[in-house]
Amino acid sequence: MPKGSLIVISGPSGAGKGTLVDRLVARVPRLWVSVSATTRKPRPGEMEGEDYFFLSAEEFERRVGEGDFLEWAVVHGNSYGTLASTVRDRLEAGVDVILEIDPQGAIQVKNLMPEAVLVFIVAPSMEELERRIRSRGAETDEQIKTRLATAVRELQLVETYDHVVENDDVARATDELVGIIESLRNSEGRS
Ligand code: 5GP
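Notes on the structure follow. (Residues numbered from 1 in each chain as written. Predicted model: local features only at pLDDT ≥ 70, side-chain atom pairs only at ≥ 80, totals over all residues. Heavy atoms only, no water.)

The next subject is the overall build of the protein chain. Scanning the protein chain from terminus to terminus reveals 7 helices and 9 strands. Relative to a compact globule of 191 residues, whose C-alpha radius of gyration would be 16 Å, the protein chain shows 16 Å and is just as compact. Each principal axis of the C-alpha atoms in the protein chain carries an extent, and together these give about 50 × 40 × 30 Å. In the protein chain, buried positions account for 46% of the 191 residues. In the protein chain, the share of contacts with a sequence separation of at least 24, taken over all contacts with a separation of at least 6, comes to 67%. Summing over all exposed atoms, the protein chain offers an accessible surface of approximately 10,000 Å²; the carbon and sulfur share of this is 51%. (Helix = DSSP H or I, 4+ residues; strand = E, 2+ residues; numbered from the N terminus. Rg over C-alpha atoms; globule rule 2.2 N^0.38 Å. Buried < 20%, exposed > 50% of the residue type's maximum accessible area, 1.4 Å probe, protein only. Contact = heavy atoms within 4.5 Å. Areas by Shrake-Rupley, 256 points an atom, 1.4 Å probe, with all protein chains shown as cover.)

Here you go:
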């Protein structure tokens, strides 16, 4: 059975990655979104094992030591990592896997698995990005500043990515993502 492909999706907080990934998965069969581990505290409504595996700093550290992560990074002061075993099992089973991770992690994945396809989602402008983050109302002014500064820094890594998708319109951007996966499958004879 042909193996699945690894698709890495990154982009600044507020660019709309989560919405696009939800839409993508609803449209494309045989696609699985990896659930990361994090030391960040759950936000209201987030579910253990569904949004993240919420670990203590000690447990995260222990699992780093055991080599459990395909990649991991510190983002906004918390650790985040992709658990290698579940991803490898899915790929072996011929399922395409999506990692929604930050650029530090994306670069680690590209080094380990050069065949991984990296997609960067951008908002139409920094002003629009700020407006979207503020409209969620989830962060303090200080946190918003940190997130915007991270967005500027991350944009400098955009050249590492195979595709850049502008989320100007959710339906259009979803179509573009679907097209990327379909052409990937076509090129591998798996359509
Ligand atoms: P949030 O706390 O808003 O859910 O995520 C913050 C950032 O961490 C986002 O940029 C997200 O893509 C990134 N992130 C989530 N999971 C992982 C992971 O497993 N590894 C890495 N490197 N980044 C992650």
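This part is about the site of the ligand. Lining the immediate environment of the ligand, one finds 16 residues, of which Ser36, Arg40, Tyr52, Tyr80 and Asp102 sit closest. Between an oxygen atom of the ligand and a main-chain N or O atom of Glu100, the distance comes to 3.4 Å. The separation between a nitrogen atom of the ligand and a polar side-chain atom of Asp102 is 2.7 Å. At the level of secondary structure, the elements contributing two or more residues to the shell around the ligand comprise strand S5 (69-75) and strand S6 (78-83). Of the residues contributing to the shell around the ligand, the split by class is 5 nonpolar, 4 polar and 7 charged. (Near = heavy atom within 4 Å. Polar contact = N/O pair within 3.5 Å; in protein donor to acceptor, adjacent residues only side chain to side chain. Nonpolar A, V, L, I, M, F, W, Y, C, P; charged D, E, K, R; others polar.)

This next bit is on the side chain of Arg147. By secondary structure assignment, the location of Arg147 is in helix H6 (residues 141-155). By relative accessible area, which is 15% here, Arg147 ends up buried. Within polar-contact distance, the side chain of Arg147 engages the side chain of Ser13 at 3.0 Å. In this structure Arg147 touches Ser13, Arg43, His76, Ile133, Arg136 and Glu139, once residues within four positions along its chain are discounted.

For the pair helix H1 (residues 17-27) and helix H7 (residues 170-187), interaxial distance at closest approach is 9 Å and the crossing angle is 55 degrees. Put simply, H1 runs oblique to H7. For the element pair H1 and H7, the recorded crossing hand is right-handed. Within the contact between the two elements, H1 uses Thr19, Leu20, Arg23, Leu24 and Arg27 and H7 uses Val170, Ala173, Thr174, Asp175, Leu177, Val178 and Ile181. (Axes fitted to C-alpha atoms, helices over the stretch in contact; angles between N-to-C directions. Parallel < 35°, antiparallel > 145°, perpendicular 65-115°, else oblique. Left-handed = near helix turned anticlockwise from the far one by under 90°.)

In this section: the sheet that holds S5. Ordered in space as S4-S3-S6-S5, the 4 strands form an open sheet in which the pairing is mixed. Strand pairing shows two members of the sheet lacking a second neighbour, strand S4 (53-54) and S5, which therefore form its edges. When S5 meets S6, the two strands line up antiparallel, connected through 6 bridges. In the strand pairing of S6, Trp72 is matched with Gly81. Sheet contacts for helix H2 (residues 57-65): strand S3 (37-38), S5 and S6; angle to S5, the most-contacted strand, approximately 140 degrees. Each of S5 and S6 is contacted by helix H3 (residues 84-92), which is oriented at about 30 degrees to S6, the strand it contacts most. (Pairing = 2+ DSSP bridges.)

Moving on, we come to H1. For H1, the set of buried residues is Lys17, Leu20, Val21 and Leu24. Projected onto a plane normal to the axis of H1, the buried residues spread over an arc of 100 degrees and lie on a single side. Of the exposed residues in H1, those oriented more than 90 degrees away from the buried face are Asp22 and Ala26. Contact partners of the buried residues in H1: strand S1 (6-10), strand S2 (31-33), strand S7 (96-100), strand S8 (117-122) and H7. (Arc of directions from axis to C-beta.)

Contact pair helix H5 (residues 126-136) / H6: the axes reach a minimum separation of 11 Å and the direction vectors enclose 145 degrees. Here the hand of the crossing between H5 and H6 comes out right-handed. Taken together, the residues of H6 that come into contact with H5 (itself represented by Met126, Leu129, Glu130, Ile133, Arg134 and Arg136) are Asp141, Ile144, Arg147, Leu148, Ala151, Val152 and Leu155. Split into classes, the residues belonging to the contact of H5 with H6 amount to 8 nonpolar, no polar and 5 charged.

Note that every value here comes from positions in space, so none of it alone points to a role or purpose.
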